[in-house]
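Working through the structure, step by step
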Amino acid sequence: MKYAIIIPDGCADEPQEALGGKTPLEAARTPAMDEIARQGVVGLANHVPQTLPAGSDVANLSLLGYDPQAYYTGRAPLEAAAQDIELGPNDWAIRCNLVTIIDQVMRDFTAGHISTEEARQLMAALQEKLGSEQLQFYAGVSYRNLLIYRGGNQPAPFSRDTFTVPPHDLTDQSVLDAYPRGPGSDLLARLMAESEAVLADHPVNQARKKAGKLPATNIWLWGLGGAPQLPRFEERYGVKGAMITAVDLLRGLAALFGWPRIEVPGATGYIDTDYAAKGRHAVTALAEYDLVCVHIEAPDEASHEGSIKEKIRALENIDEKIVAPVWEALRSYGEYRIMVSPDHPTPVRIKTHSHGYVPFAIAGTGIKSGNAPAYHEKAAEQSGLVFPEGWRVMEYFLHGEGR
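All values derive from a computational prediction rather than experimental measurement. (Residues numbered from 1 in each chain as written. Predicted model: local features only at pLDDT ≥ 70, side-chain atom pairs only at ≥ 80, totals over all residues. Heavy atoms only, no water.)

Turning next to the overall build of the protein chain. What the protein chain contains, in helices and strands, is 15 helices and twelve strands. For 403 residues, the compact-globule estimate of 2.2 N^0.38 gives 22 Å, and the C-alpha radius of gyration of the protein chain, at 21 Å, lies within 12% of that figure. Taking the principal axes of its C-alpha atoms as reference, the protein chain extends roughly 60 × 50 × 35 Å. Counting only residues that meet the buried cut, the protein chain has 60% of its 403 residues in that class. When contacts within the protein chain are restricted to residue pairs at least 6 apart in sequence, long-range pairs at least 24 apart make up 75% of them. With an accessible surface of roughly 15,600 Å², the protein chain has 47% of that area assigned to carbon and sulfur atoms. (Helix = DSSP H or I, 4+ residues; strand = E, 2+ residues; numbered from the N terminus. Rg over C-alpha atoms; globule rule 2.2 N^0.38 Å. Buried < 20%, exposed > 50% of the residue type's maximum accessible area, 1.4 Å probe, protein only. Contact = heavy atoms within 4.5 Å. Areas by Shrake-Rupley, 256 points an atom, 1.4 Å probe, with all protein chains shown as cover.)

On to the pattern of salt bridges, then. One pass over the full model with this rule turns up 17 salt bridges. Two residues, Lys378 and Glu26, come together in a salt bridge whose shortest N-O distance is 3.1 Å. Placement of Lys378 in helix α14 (residues 377-381) and of Glu26 in helix α1 (residues 24-27) is noted, with a sequence separation of 352 residues between them. By sharing partners, the salt bridges in this structure join Arg75, Glu79 and Arg95 into a single network. (Salt bridge = Lys/Arg side-chain N within 4 Å of Asp/Glu carboxyl O.)

Turning our eyes to something else, we now look at the packing of aromatic side chains. Enumeration according to the criterion identifies 13 aromatic pairs in this entry. Both rings, one in Tyr149 and one in Phe158, keep their centres 5.4 Å apart while their planes meet at 80°; by these two values the pair is edge-to-face. Owing to a relative accessible area of 6%, Phe158 belongs among the buried residues under this scheme. Both rings, one in Phe233 and one in Trp259, keep their centres 4.9 Å apart while their planes meet at 70°; by these two values the pair is edge-to-face. With a gap of 26 residues between them, Phe233 in helix α9 (residues 233-237) and Trp259 in the loop between α10 (248-257) and α11 (275-285) connect regions that are remote in the sequence. Residue classification places Phe233 among the buried positions, given a relative accessible area of 0%. Linked through ring pairs, Tyr66, Tyr71, Phe233, Tyr237, Phe257 and Trp259 together constitute an aromatic cluster. The ring of Tyr333 carries the charged tip of Lys2 above its face, separated from the ring centre by 5.2 Å. Lying across the ring of Trp327, Arg331 places its NZ or CZ 4.0 Å from the centre. (Phe/Tyr/Trp six-rings, centres within 6.5 Å; stacked < 30°, edge-to-face > 60°. Lys NZ or Arg CZ within 6 Å of the ring centre and 35° of its normal.)

Counting buried residues along strand β6 (residues 144-149), six of its six residues qualify, which places the element largely inside the surrounding structure. Of the two faces of β6, the one holding Arg144, Leu146 and Ile148 and the one holding Asn145, Leu147 and Tyr149 are both buried throughout. Here six bridges tie strand β3 (residues 92-102) to β6, and the two strands are oriented antiparallel to one another. Across the sheet, the residue bridging to Trp92 is Tyr149, located in β6. Of the strand pairs in this sheet, strand β5 (residues 135-141) and β6 are connected by five bridges, and their pairing is antiparallel. Looking across to β6, one finds that Gln136 is bridged to Ile148. (Pairing = 2+ DSSP bridges.)

A separate point is the pairing of strand β2 (residues 41-45). Counting buried positions along β2 yields five of five residues, so the element is predominantly enclosed. Neither face of β2 is left uncovered, since the one carrying Val41, Gly43 and Ala45 and the one carrying Val42 and Leu44 both have all their residues buried. Relative to strand β11 (residues 358-364), β2 runs antiparallel, the two sharing five bridges. Bridge assignment links Leu44 to a residue of β11, and that residue is Pro359.

Take the sheet that holds strand β10 (residues 336-340) next. Pairing between sheet strands relies on hydrogen bonds along the backbone, with the strands arranged either parallel or antiparallel. Read across the open sheet, the seven strands follow the order β8-β9-β1-β10-β11-β2-β12; overall the sheet is mixed. The open sheet has two edge strands, β8 (241-244) and β12 (386-387), and neither has a second partner. In this fold helix α2 (residues 31-39) packs onto β2, β10 and β11, with an angle of close to 70° to the strand it touches most, β11. (Axes fitted to C-alpha atoms, helices over the stretch in contact; angles between N-to-C directions.)

Once that is clear, we can look at the side chain of Ser62. Tracing the sequence through the fold places Ser62 in helix α3 (residues 56-63). Residues contacting Ser62, with those up to four places away along its chain left out, are Asn46, His47, Pro68, Gly390 and Trp391.

Everything listed is a geometric property; what it means functionally is a separate question.
Following this line, the structure appears as structure tokens:
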């Protein structure tokens, strides 16, 4: 049996007045996804328990079959795993965004989608000025970077009660009441404040301003946690998988699952990603692996920018250039299953992630048609197939129904 999982990150949304009451997924032209829904089943899954933050970390952990209530420790530790950064028992990983704050308002949580090379130079400067053996700054991809707190033989000052706010929840809002609170927050707030002076006159920011681009004015620290302990996916489900993604969060999950990470030239983690290249690499990977997972960040990024048009464009590109060719390749193997599912809703209206159910579609060997008209939120709501604990969908996908 061959399997494929396609994750259009954040694609679930609300009905839009501008679309005549349709959601972006409903309005987009997605013939491949719609046909998967018609030949198989659609349903709803809740990947983010109300007690946990509505982020891609929690949601993708659940979507890929792990109970976040049992395994989630924080977002940053997952991204540390992507960079093969080992965390000791007293170490904590902390997400370190490069952001643009103007007059105490979060102007841009991506610092104008700063390049990875520019970010690398800024993170090196932060390490030189603010870092130490205990505080280690690591460059990641674009604005998505890390700070590692090395506790050594002493417990870290942080705990599960340390409260931080994701910067993408603050777009165009004041940050004055959003700084870290709770155990260890004084250290985080101090570093965030001191970063401003380090970054202000850095040559990277001078060049960006001269070119009419937003500078990276500050670091924003959030999503911290200790080392997670996850059982390998193959041990848990008996299936050998591989991951295609352009973001460190999913790379980290793959590393912890024991999945190889297939790097695709031109994959950016943004709306300008090379969809066709992801599709081609996924088709090739099916020959070697039982399961290939393709994660696409573009719909989520479009929502963060509040762009219905770009969200629809991203969904249509995913359908044509990833879902369609992967589904065609799967069928050539005989027995197969395919699942399309976002991780969490990211409504264009609020420009950030939210709690709530997301629609999934599953088709293939042993999956009987549920007579769904298409793949979108409304069809899933009418299906009657509901998983309040979304992590249980994986067992249904791999081994459930008529297999």
